[in-house]
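# Close look at the chain arrangement
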Amino acid sequence: FTIAAGEVVGVAGPNGAGKSTLIAMLLGLIESDEGTVEIDGIAPRRFIEREGVAYLPELMTLPLSWGVEEALDRLASLQGIATGARLGERERVIEAVGIGEHRGKRLKALSKGNLQRVGLAQALLSPRRVVVFDEPTHGLDPVWTARFRELVGGLRAPDRAMLIASHNLDELERLCDRVVIIDQGRVQRIVEV
């Protein structure tokens, strides 16, 4: 299957279907055993080295002793955001995901949902043409699940492709243009929504 620029595509399937493997291939972490995975006509690793990808893993693991602002500053540095621009970008994403009241806290003091929102914030630090969310609403309460839908709507752009992997087919149907159902590493069907 393909994901065109301007499109949001969901990937769903049972546990072990291959969603995480697909994401690892898109991130250039592993190569496919068969078939081809390309981003903008080139190998994923080469694309990522050149342009980067916005990525939210299913479980965001950071040192729990870090503070919220410290974590975002460090991640902004790793993403290559210039020192002078980091504060502005950090403030923008803190506001976007509504974690301002938690900015002075250590990560270990945050709930599962607020940790997920820190993960969302780091994925939004740099504007990227490719966005990959793996179980992005994991741990979010109903209010923030609805806000996540608004975030995705705000990220839609003619030059941006988004992939969202989730077990929640209903949520994918609300967010996506198409949903690809996979099982045992193979596409079973594609649902237009």
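Details of the structure are given in the entry above.
Residues numbered from 1 in each chain as written. Predicted model: local features only at pLDDT ≥ 70, side-chain atom pairs only at ≥ 80, totals over all residues. Heavy atoms only, no water.

## Examining the pairing of strand E3 (residues 130-134)
- Burial analysis of E3 places 5 of its 5 residues in the buried class, which makes it a mostly covered element.
- Side chains Val130, Val132 and Asp134 of E3 all project onto a buried face; the interleaved residues Val131 and Phe133 project onto the opposite face, where all are buried too.
- By the bridge criterion, 3 bridges tie strand E2 (residues 54-56) to E3 in an arrangement that is parallel. Residue Tyr55 lies in a different strand from E3, and its bridge partner there is Val132.
- Bridge count for E3 against strand E4 (residues 161-165) is 5 bridges, and the pairing is parallel. The residue of E4 that forms the bridge with Val132 is Leu163.
- Crossover connection from E3 via helix H6 (residues 142-155) to parallel E4: handedness right-handed. (Buried < 20%, exposed > 50% of the residue type's maximum accessible area, 1.4 Å probe, protein only. Helix = DSSP H or I, 4+ residues; strand = E, 2+ residues; numbered from the N terminus. Pairing = 2+ DSSP bridges. Right-handed = clockwise from strand over helix to strand, strands pointing away.)

## A closer look at the environment of Phe148
- With respect to the helices, strands and loops of the structure, Phe148 is situated in helix H6.
- Look past the residues within four positions of Phe148 in its chain and what remains in contact with it is Leu120, Phe133, Pro136, Thr137, Leu140 and Leu175. (Contact = heavy atoms within 4.5 Å.)

## Comments concerning the pattern of salt bridges
- Inspection of every chain in the model, using the stated rule, returns 16 salt bridges.
- A salt bridge links Glu34 to Arg186, with the nearest nitrogen and oxygen atoms 3.1 Å apart. Of this pair, Glu34 sits in the loop between helix H1 (19-26) and helix H2 (44-51) while Arg186 sits in strand E6 (residues 186-192), and the two are 152 residues apart along the sequence.
- Residue class for Glu34 comes out exposed when judged on its relative accessible area of 55%.
- A salt bridge links Glu69 to Arg90, with the nearest nitrogen and oxygen atoms 3.8 Å apart. Of the two residues, Glu69 is situated in helix H3 (residues 68-78) and Arg90 in helix H4 (residues 83-96); the sequence distance between them amounts to 21 residues.
- Here the salt bridges do not stand alone but share partners, grouping Glu69, Asp73, Arg90, Glu91 and Arg103 into one network. (Salt bridge = Lys/Arg side-chain N within 4 Å of Asp/Glu carboxyl O.)

## As for H1
- Most of H1 is tucked away: 6 of the 8 residues are buried.
- Looking at H1, one finds that the buried residues are Lys19, Leu22, Ile23, Ala24, Met25 and Leu26.
- Next to the buried residues of H1 lie strand E1 (8-12), H2, E2, E3, E4 and strand E5 (178-183).

## What about the sheet that holds E1?
- Read from one edge to the other, the open sheet built from 6 strands follows the order E2-E3-E4-E1-E5-E6, with strand pairing classed as mixed. Each having just a single partner strand, E2 and E6 make up the two edges of the open sheet. Between one strand axis and the next, the sheet turns by 15 degrees as a mean value, whatever way the strands run.
- For E1 and E5, the ladder comprises 4 bridges, and the chain directions are parallel. Paired with Val11 across the strands is Val180, a residue of E5. (Axes fitted to C-alpha atoms, helices over the stretch in contact; angles between N-to-C directions.)

## A closer look at the environment of Asp170
- Turning to its location among the elements, Asp170 is positioned in helix H7 (residues 169-175).
- Under the relative-accessibility criterion, Asp170 is labelled exposed at 54%.
- Along the chain, Asp170 and Ala121 lie 49 residues apart, while their C-alpha atoms are 24 Å from each other.

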